Amino acid sequence: MRERIAKAGPGLLFLLPALILFVVFVVYPIVYNVQASTLRWDGVNPGVFIGLDNYADLFRDPVFHTALKNSALWIPLTIVPQALMGLLLALALNRGVFASTFYRALFFIPAILSPIVVGIVWQRIMDPFNGVLTEVGKATGLDWLGGNFLSDPSTAIFAVIAVNIWMWTGFSMLFYLAGLQLIDTSVLEAAKVDGASWWQTTTRIVFPLLKHTHLSLLLLGIIGSLKTFELVYVLTQGGPNHASEMLPTFAFQEAFQLQSVGYGSAISVVLIVVAVTASLSMVRVFGSGFITGEEKRK
Amino acid sequence: MSATTDASTPEAAASEPPRRMRRKRSDSWLHAALIPIALLWMLPVIMVIGLSLMPANDPSTTFFGMLPESPSLSNYTLVWEQNPILQHLVNSLLITVPSVIIVAMAGSMAAFALARLHVPVKALVFGLLILGLVLPMSGIVVAAFKILQAIGLYNSILGVVLVYSALGMPFAVIILRTGYLAIPDETYEAARMDGASTWAIFWKIYFPLGRPALSVVVIWQVMMSWNDFLLPLVALGDNDLKPLTLVPLAYRGVFLSQPGALFAVLVLISIPVILVFIAVQRYLVNGLAGAVK
Amino acid sequence: MKFSRKLGATAALAAAGGLVLAGCAGGGTAEEPSQGQTGTNGTSAEGADLSGSVTFRSWSPIEQTTAQMVSAFESDNPGTTIDATIFNYPEYLVDLQTRASSDTFPDIVGLQPGALTQQYRSNLMPLQQCAADTWGDDWQDMFYPIGLEQARAGNPEGDDNFYSLPILVQTVNLWANTQHFADAGQEIPQTWDELKSVVDAMEGNDYAPFLLPAKDGWLRNAVFLQIANNVEPGLVYQAESGDASWTEASIVEAFDYFGRLFSEGIAQEGAIGLDAYPSGANQFEAGNAAMIPLGAWWIQQSDPTKDQSTIPELSLGMEGYEPFLFPTIPGGASESQFVGGIDVSLGISANTENPDLACAVLTDWIAGSGGQKLIDTMNDIPAVQGLNPSEFTSAKQEEIWNTFVEDWLPQVEYSRYFDDPRIDQAVADALAAVATGQQTPDEAAAAVQSVQDEVLAG
């Protein structure tokens, strides 16, 4: 129907402003990165073309494997808890409780804060020498609270993930609050009449109806996970000994601190490829409905 | 899906649903659960504020290390006296407001084109949008700088505005487009029948109806262009042009000698974003409703 | 489909346009440095009529101090302006790289010796002419030897130019909280065994005996270099130049002693997760530690130019502190070695439009009235000898200052840096691995050696 009415001309005109900005400031940097990734280059002095050697080196680099593994951990371990807690909060706040506006703002504030502050504060919280958790642990006898979360290579990435969850749960909550408002209350009333418990209604009716919200959060979550930079940089600098390295921190370190812009660019290119592949395969698997909105017309 | 009708008229969605009335009873158990969670959630934020009140001459803390032993406003006065805060604030506004307007306009137009006009290869467009979402600032800053220099926008606030607008575009287009798709086809076709131009349909019908989705874009864009500091740091040479986010650098320095002052600045920087959030959050909830639909 | 091709073509065209406009990655934009440029212009800070403006970008000194140095120069030289911007170090690296690759290199830049200076060598002007014109032919005698040596670190064979000149130098060393030592009835440790017994004796107090903020790679490396030079002075630098191996027993032993700081409970819990600034410094200043490894710059806590009421009790006039060297290691050198070097050095762009002014600013900040302003804040130790703060706030502070400038810095022989950033990173990683028990000292040394092999292979 729409195709018949519309002509390409207006479509192009309407797209043009966005497209120009996009091509100049997004496509060009990507081209630049791709080109730089074929060089041995310190970013300043003339580079030497080395073809795909940076990529060959990268795929053999154990730090790269750690970063990939950490991304693989990061994606489910942030998205699922953020979504679950966000959903629970949204369910609670959607009941129209007193001061729900206030609660909403409260849970969203961590997402607004600068990662620099968040990093410094959480480091103080988790410092096993005399951080907040340690002190609380001493006072309550829960000694495990004083563990080396950030400084133990086997737990560092999880500690950063925990902070990320704290930061972004409010964001998931907002998405779910929005999704919940769209659910037709008559469906819920009918279920109630049929004698369904709150739990049954929530898991069997509300949860499936929130599919678009789940998928939007999944998409934003995957992309957000892959490009996580500041939080890791401030909390652990990717350490100890690269244990909590993510692709962007790794790329930053190579390009600017180790003067290997070519290698750093190769990491960025891989990051972009992984993100696009992951997103497109999501569209494949779940259908493009949640992005294009077309599904409801079926 | 029956819910579509609900979202199709934002006026209806914006007005408080009547079901809320029935739910007011027996909320006390909810509060009993929410208050401790909210408090726990706020502890790090309280700590941020607490540390911003930690005077430089007494770095000792109390209450599990969360609050200063002798709180004082000295950091705030110091920051205020040492920096032309108002000047930086104006610059921040000069960067943020235009970038929000550009993203809102160009993003809405593009979203309208993708939702209602003839634009094939949606997968390609989608892929391109994802590219824009995934780029980390540190990966593009050098390239962006070269472009700004090439088009004569180095050391200009407009240049920074354009980069932020471009980076915010993908999120805006995705969210706004889904919002527009929730507006039924009949609206579009009825307007066509009345002989309205494409521009009139966009500007008089879609743009206003898409306001809730737009508020999502606004808060997102404000967060991004207000908080980033890497790009202005590199792209703006003149100290007179620098936004508020560059003030903390004076207190980070090599040896971060004044963490209290740093925290004070960061608290100050966060306040406008929180205000924007509070102002648009009513729309935000409804706006997302349009978007995720 | 016709439309999509048009769209694609438009996009490709625009992208190509962007490329043409902005240039490709990998090009070098710097022109060859014009040798002796300043000389031909007959630069002389005195007498020359200076005018115009120069830009300065750096991560150090801190912003407030830089502003004082700028205004000191500007008021001495009416008609000149200095546009200064101070960054955090990581962002500074981004900025410098951006500018070097886009012909907007600042007139004066802050540099670290070694790798950073070398990376930008083609953008930098040799400075010996500027120095000789300003200070006379014996200008090198003004500087501490370690500063001059490091300023040329990494220069190619046969290139004796100074592409940067040091402005501040330092030692890396330990600091003691003398109050805790007095209360515990302990003496400052001179040997490893004393260090252990002091820590044992201080155990159980509400402060950390040895606060090691080892999250930062630079700090781990600084501590390691102190240990390594106490085990066998100078050996690590031979390993870095390929004349010795990282797997030699003495270096492995240094890794082992570094690891023992953690495994034998000398450092506090979670040391590898604590950053030096702000957390470690904060804790030490709040009296929560008896010892901390930092360096000469800690004296800046007692900055005489600051409102003294904003300085914590311990730091006031350096009242509660005493600097000391890392204890000797059993079987190693009989005396603790001095490790240190340049804190920050300055370079001038090879393409600066105003070399006379840039030279005048640079030399003023190193040894003139701008330098005096800098040193008045006790930001660190001046690179030139004989430049002292105009004011001391206590006898103790003056005594510590004199220890640094008269006794310690002239003796510094060993660098706190590695020349190659990859080695620097490899050592920092290996130390973290040893500290957390991921690697044995042998494995750590071997890991560094394998990076060393790559570096030497080019």
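Keep in mind it's a predicted model, so treat the numbers as computed, not measured.

(A) View of the state of the cysteines. Residues and elements named next belong to chain C. Applying the stated criterion across every chain, the model contains 1 disulfide over all chains. One disulfide in the model links cysteine 130 with cysteine 359; its S-S distance is 2.1 Å. On the S-S bond that ties cysteine 130 to cysteine 359, the torsion sits near 90°, and the link is right-handed. Of this pair, cysteine 130 sits in helix 6 (residues 128-135) while cysteine 359 sits in helix 14 (residues 355-367), and the two are 229 residues apart along the sequence.

(B) Summary view of the interface of chain A and chain B. In this complex, chain A contributes 98 residues to the contact, which on the side of chain B involves 104 residues. Here chain A packs against chain B, burying approximately 9600 Å² in sum over the two surfaces, 75% of which is carbon and sulfur. Our count for the chain A to chain B interface comes out at 0 salt bridges. At the junction of chain A with chain B, the criterion picks out 3 residue pairs in polar contact (both at pLDDT 80 or more). Of all the elements, helix 2 (residues 8-36) of chain A adds the most residues to the side of chain A that touches chain B, at 19 residues. The class makeup of the residues in the side of chain A that touches chain B is 68 nonpolar, 17 polar and 13 charged.

(C) Main features of the packing of aromatic side chains. Counted according to the given criterion, the structure contains 52 aromatic pairs over all chains. With 4.1 Å between their ring centres and 15° between their planes, phenylalanine 171 of chain B and tryptophan 220 of chain B make a pair best called stacked. Note that phenylalanine 171 of chain B is positioned in helix 9 (residues 157-181) and tryptophan 220 of chain B in helix 12 (residues 211-227), a separation of 49 residues in sequence. Between tryptophan 199 of chain B and tryptophan 203 of chain B, the aromatic rings sit 6.1 Å apart at their centres with planes inclined by 15°, giving stacked as the arrangement. One end of the pair is tryptophan 199 of chain B and the other is tryptophan 203 of chain B, both in helix 11 (residues 198-209) and 4 residues apart, which spans about a single turn. Judged by its relative accessible area of 39%, tryptophan 203 of chain B falls in the partly exposed class. Through pairs of rings, three or more aromatic residues link up here, namely Phe14 of chain A together with Phe112, Tyr180, Tyr188, Trp199, Phe202, Trp203, Tyr206 and Phe207 of chain B. Over the ring of tyrosine 257 of chain C we find arginine 260 of chain C; its NZ or CZ atom is 4.3 Å from the centre of that ring.

(D) Molecular detail of the nonpolar core. Ranked by size, the top nonpolar core spans 342 residues in total, and within it Phe224 and Leu261 of chain C carry the most contacts. Top element by residues in this core is helix 9 of chain B. It accounts for 17 residues. Domain assignment of the residues forming this core places at least three in each of domain 1 (40-169 + 341-402) and domain 2 (171-339 + 415-457) of chain C. For phenylalanine 224 of chain C, the residues in contact, after removing those within four places along its chain, are Val236, Trp246, Ile251, Ala254, Phe255, Phe258, Val427 and Leu431 of chain C.

(E) Structural view of the pairing of strand 3 (residues 108-111) of chain C. Residue and element names in this part refer to chain C. Of the two faces of strand 3, the one holding Ile108 and Gly110 and the one holding Val109 and Leu111 are both buried throughout. In the sheet, strand 1 (residues 52-58) pairs with strand 3 via 2 bridges, with the strands oriented parallel. Bridge pairing links arginine 57 to valine 109 in strand 3.

(F) Spatial organisation of the packing of helix 13 (residues 247-257) of chain A against helix 4 (residues 89-100) of chain C. For the pair helix 13 of chain A and helix 4 of chain C, interaxial distance at closest approach is 9 Å and the crossing angle is 60°. It follows that helix 13 of chain A is oblique to helix 4 of chain C by the angle criterion. In the packing of helix 13 of chain A onto helix 4 of chain C, the handedness of the crossing is left-handed. Taking contact as the criterion, the partners of Phe252, Ala255, Phe256 and Gln257 of chain A in helix 13 of chain A are, on helix 4 of chain C, Pro90, Leu93, Val94 and Gln97 of chain C. In the contact of helix 13 of chain A with helix 4 of chain C, the residues fall into 6 nonpolar, 2 polar and no charged.

(G) Molecular detail of the pattern of salt bridges. Throughout the structure, instances matching the rule amount to 9 salt bridges over all chains. Close ionic contact of arginine 60 of chain A with aspartate 57 of chain A constitutes a salt bridge, the shortest N to O distance being 3.0 Å. Of this pair, arginine 60 of chain A and aspartate 57 of chain A both sit in helix 3 (residues 53-60), separated by 3 residues, roughly a single helical turn. Take aspartate 57 of chain A: its relative accessible area is 36%, and that puts it in the partly exposed class. Of the charged contacts in the structure, one is a salt bridge between arginine 260 of chain C and glutamate 264 of chain C, with a shortest N-O distance of 3.9 Å. Look at glutamate 264 of chain C and you get partly exposed, because its relative accessible area is 33%. One connected set of salt bridges, linked through shared partners, spans Lys196, Asp256, Arg260 and Glu264 of chain C.

(H) View of the pairing of strand 4 (residues 165-177) of chain C. All names here are of chain C. With 13 of 13 residues buried, strand 4 is to be regarded as a mostly interior element. Looking at chain direction, strand 4 and strand 8 (residues 339-348) are connected through 7 bridges and run antiparallel. Note on strand 8: the bridge partner recorded for glutamine 170 is glycine 341. Strand direction decides the pairing type here: strand 4 and strand 9 (residues 381-382), joined by 2 bridges, are antiparallel. Bridged to leucine 168 within strand 9 is proline 382. Note: strand 4 against strand 6 (residues 289-295), 5 bridges, orientation antiparallel. Residue pairing across strands places valine 172 opposite glycine 295, the latter belonging to strand 6. As paired strands, strand 4 and strand 7 (residues 321-324) are joined by 4 bridges and run antiparallel to one another. In the sheet register, tryptophan 175 faces strand 7, and the bridge partner there is proline 323.

(I) Region of interest: the domain arrangement of chain C. Residue and element names in this part refer to chain C. As far as domains go, chain C holds domain 1 (40-169 + 341-402) and domain 2 (171-339 + 415-457). Computed from C-alpha coordinates alone, the two centres of domain 1 and domain 2 are separated by 28 Å. Contact residues are listed per partner, giving 23 residues for domain 1 and 23 residues for domain 2. Counting each side, the surface lost to burial between domain 1 and domain 2 is near 1800 Å², with a carbon and sulfur contribution of 57%.

Cut-off values and rules
- Residues numbered from 1 in each chain as written.
- Chains lettered and ligands numbered in written order.
- Predicted model: local features only at pLDDT ≥ 70, side-chain atom pairs only at ≥ 80, totals over all residues.
- Heavy atoms only, no water.
- Disulfide = S-S within 2.5 Å.
- Helix = DSSP H or I, 4+ residues; strand = E, 2+ residues; numbered from the N terminus.
- Contact = heavy atoms within 4.5 Å.
- Buried area = accessible area lost by both parts, 1.4 Å probe.
- Salt bridge = Lys/Arg side-chain N within 4 Å of Asp/Glu carboxyl O.
- Polar contact = N/O pair within 3.5 Å; in protein donor to acceptor, adjacent residues only side chain to side chain.
- Nonpolar A, V, L, I, M, F, W, Y, C, P; charged D, E, K, R; others polar.
- Phe/Tyr/Trp six-rings, centres within 6.5 Å; stacked < 30°, edge-to-face > 60°.
- Buried < 20%, exposed > 50% of the residue type's maximum accessible area, 1.4 Å probe, protein only.
- Lys NZ or Arg CZ within 6 Å of the ring centre and 35° of its normal.
- Core = buried A, V, L, I, M, F, W, Y, C linked by side-chain atoms within 4.5 Å.
- Domains from an automatic or database assignment.
- Pairing = 2+ DSSP bridges.
- Axes fitted to C-alpha atoms, helices over the stretch in contact; angles between N-to-C directions.
- Parallel < 35°, antiparallel > 145°, perpendicular 65-115°, else oblique.
- Left-handed = near helix turned anticlockwise from the far one by under 90°.

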